[in-house]
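Close look at the chain arrangement
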Amino acid sequence: MRMTENGEDSSPSQPDGVLPRGAPGGKDPEGVSSDKRPVNLPTEDNKPTKLLDTLKFPQDVPDQSSKTSLYQPRPPPLPKPPALSKGGKSGSMEEVRSRRLKHSQESLTDPAETGSSTDSLKEDSTVTGVFTLSGAATLRNGQGSIVGPLLTPTGSPVFRARGQSLSEYERRPHDHHGDLAEQRGRPFKVRLSPLQPSGPLPALEQTLASESLRTANRIDRDCVDYGIVPGRAGPERLHLHRNLSDSRLLDNMVLDNTSVNSMKSTFSVLNPIRPRDVRNRSFLEGSVLGSGALLGAEELDRYFPERRVGIYIATWNMHGEKGLPNNLDDLLLPTDSEFAQDFYVIGVQEGCPDRREWEIRLQETLGPYYVMLYAASHGVLYLTVFVRRDLIWFCSEVEHATVTTRIMSQIKTKGAVGIGFTFFGTSFLFITSHFTSGDSRVYERILDYNKIVEALALPKVLPDTNPYRSTSSDVTTRFDEVFWFGDFNFRLSKDRVGVEALLNQNQGVDMGPLLHHDQLSKEMKDGSIFKGFQEALIQFLPTYKFDVGCDVYDTTSKQRTPSYTDRILFRNRQVDDIKVIKYTSCSMIKTSDHRPVIGMFQVKLRPGRDNIPLGAGQFDRSLYLEGIRRRITRELKKREATKDQGNSTICSIS
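These numbers come from a predicted model, not from an experiment.

An order of β7-β8-β9-β10-β11 is seen for the five strands of this open sheet, with the pairing classed as mixed. Single-partner strands in this sheet number two, and they are β7 (399–404) and β11 (566–572). Pairwise comparison of adjacent strand axes, ignoring direction, gives a mean angle of 15 degrees for this sheet. Inspection of the sheet shows strand β10 (residues 481–487) paired to β11 by seven bridges, in the antiparallel sense. The residue of β11 that forms the bridge with D487 is D566. Contacting β7, β8 (415–423), β9 (426–434) and β10, helix α12 (residues 442–455) runs over the sheet at an angle of about 145 degrees to β7.

Structure representation (structure tokens):
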């Protein structure tokens, strides 16, 4: 035992790293410094030495008998706390712990010695390079001045003096063991050499259907209307065409069952709403270009970047048949059409007795993507408007009116039904009508037309979007876009033999020779009927009159001449507002002596003001639920039939 000049015991029996209680600069068992003054420790030569030279841990002395571990912790070379070590090095930690206990020759079996250097070693053996700033201890330079906060091992109550004067320690000469110590001070991240392939890599599959590519471009099938490109930081908008259905987007994207959950965590396919927009937006009447209007330009461009809406028109004389076709997909969803449209307007003449059943069948066919905006009837004339469910908020209240062309108003077999509404800033009028029949009764049909345009009382409450160009004697001048369709009963002014000869000669390619005898085309050119209306080019066979259930024209004793009685005409206020996409007949439905005629159009939209009575999302909810219920029932029956067919087997004994 050796005594210093101050009479203090400096024997190694005192635990390493802890000065005696009460000594200047020492620490109590709780790890709190008992004196904040700088201190220099005396030695035998009575010269102050650095604390690191006086207090050395046994593990700091190179041990030749055992190989030094590269993962032994040491104080970090910088004050910045390093990152947490990986949890996969538990085996090396056990080796470090056992080696430290071997060199320190301290007992760790006494749990009561919480303030000794044993706890310091114990805590240090379990820490893999995690340090926190300790306010109780300060780093002192060689002259005894306070340098700054010390780095103390996390959870260790006692400061280890060997963390001081790191720069002096690094400047000391050291051997290869010191080089290993420097490696210990660096973040111990194992670096593996790159793995070289033993052979040529297989070629990647050049297809979007590959399983390895099924994690990108995920999107929900029911929410593709106003999409955001998933997987990107910025909300880049998918400027989809306004009349595109889900098919086009789904063809370009690969889907799986987890796409919904993966995209909900980052983006929504709906447009984001900012709180300030919710605070400030009032939907009051204002400028057409105002950003706050529900029907204004900003909202219109969000849903229709090209400001064109898709409209599907169908007209059909059902011949009063009670039995409806088993499937109306060919009527509303033809296979040669690439996309579904935004509006579906169906006009029926001589409709089935059960009008509600007809509407349910329409809803069942169009499915949950569409809702019935409005329906009106006049005797056996039915007019129904379906709209995509996302667009009902931009429709005004719907108005309708009827006109009978019979002498007695009680007879409602001939006449017209009109439906009018405003969509954004564009007003629409749809009319379906049934004119007087007969090959030579052209004048009566012109009278029917004149009576309808004068007596159809529309609009009622809706404001006229262009009152300066409207006339009280013609309802079609009071709307921006007008579609008039139905059974006009205009015939071909030629006998049956001559018409059949022209049909056999042209084989349905060029209908010009037939249309040269068309009564309606002639009257329109003369300006006596449908003033201002247009019709797309006819390239289909006459739709009247067939034998029910086949493609043969009338074989009865009357031998009626095939004619284009079923037509779709349109009128617009501005030139080129209406663009024709398709105009044809539906030859697959044969339950009537008429073939349905369908037309697809692109119609120009304009922004509007919120000064109209909004529909506020009104639609026939009971019809929607019944149509969906029937659709589900139909699908379940198909599955059961497929299942029964798959389970049935035929056994043969030879």
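So that's the structure; there's more coming.
On to a nonpolar patch on the surface, then. A cluster of nonpolar residues, I407, M408 and I411, forms a patch on the protein surface that exposes about 370 Å² of accessible area. Position of I411 among the secondary structure elements: in the loop between β7 and β8. By relative accessible area, I411 is classed as partly exposed at 38%.

Cis geometry marks the peptide bond from L458 to P459, where omega comes out at -5 degrees. Topologically, P459 is positioned in the loop between α12 and β10. A cis amide bond links Y544 with the next residue in sequence, K545, at an omega value of 0 degrees. Locating K545 in the fold gives a position in the loop between α15 (519–526) and β11. Phi is positive for E350, which is not a glycine, with a value near 50 degrees. With respect to the helices, strands and loops of the structure, E350 is situated in the loop between β4 (343–349) and α11 (355–366). Residue E350 is classed as partly exposed on the basis of its relative accessible area of 26%. Backbone geometry places F424, a non-glycine residue, at a positive phi of 55 degrees. When you line up the elements, F424 lands in the loop between β8 and β9. The exposure class assigned to F424 is buried, which follows from its relative accessible area of 1%.

A few words on the pairing of β11. The buried fraction of β11 amounts to seven of the seven residues, a majority that puts the element mostly inside the structure. Neither face of β11 is left uncovered, since the one carrying D566, I568, F570 and N572 and the one carrying R567, L569 and R571 both have all their residues buried.

Below, the discussion takes up the packing of aromatic side chains. Considering all chains together, one arrives at 29 aromatic pairs under this definition. Judged by centre distance (5.7 Å) and plane angle (10 degrees), the rings of F430 and F483 are stacked. Highlighted residues: F430 in strand β9 and F483 in strand β10, separated in sequence by 53 residues. F483 carries the same exposure label as F430, and that label is buried. Here the aromatic rings of F619 and Y624 are separated by 6.0 Å at their centres, their planes lie at 80 degrees, and the arrangement is edge-to-face.

This part takes up α11. In this model, α11 (12 residues) spans 17 Å end to end at C-alpha, consistent with the 16 Å of a helix rising 1.5 Å per residue. Among the residues making up α11, those that are buried are W358, E359, I360, R361, L362, Q363, E364, T365 and L366. Where α11 begins, the capping side chain belongs to D354, and its oxygen is found 3.3 Å from the backbone nitrogen of R356. Phi turns positive, to about 80 degrees, at G367, one or two residues after α11.

About the cut-offs
Residues numbered from 1 in each chain as written. Predicted model: local features only at pLDDT ≥ 70, side-chain atom pairs only at ≥ 80, totals over all residues. Heavy atoms only, no water. Pairing = 2+ DSSP bridges. Helix = DSSP H or I, 4+ residues; strand = E, 2+ residues; numbered from the N terminus. Axes fitted to C-alpha atoms, helices over the stretch in contact; angles between N-to-C directions. Contact = heavy atoms within 4.5 Å. Patch = residues over 30% accessible without salt bridge, like charges linked within 9 Å, V, L, I, M, F, W, Y side chains within 5 Å. Areas by Shrake-Rupley, 256 points an atom, 1.4 Å probe, with all protein chains shown as cover. Salt bridge = Lys/Arg side-chain N within 4 Å of Asp/Glu carboxyl O. Buried < 20%, exposed > 50% of the residue type's maximum accessible area, 1.4 Å probe, protein only. Phe/Tyr/Trp six-rings, centres within 6.5 Å; stacked < 30°, edge-to-face > 60°. Expected span 1.5 Å × (residues − 1). Polar contact = N/O pair within 3.5 Å; in protein donor to acceptor, adjacent residues only side chain to side chain.

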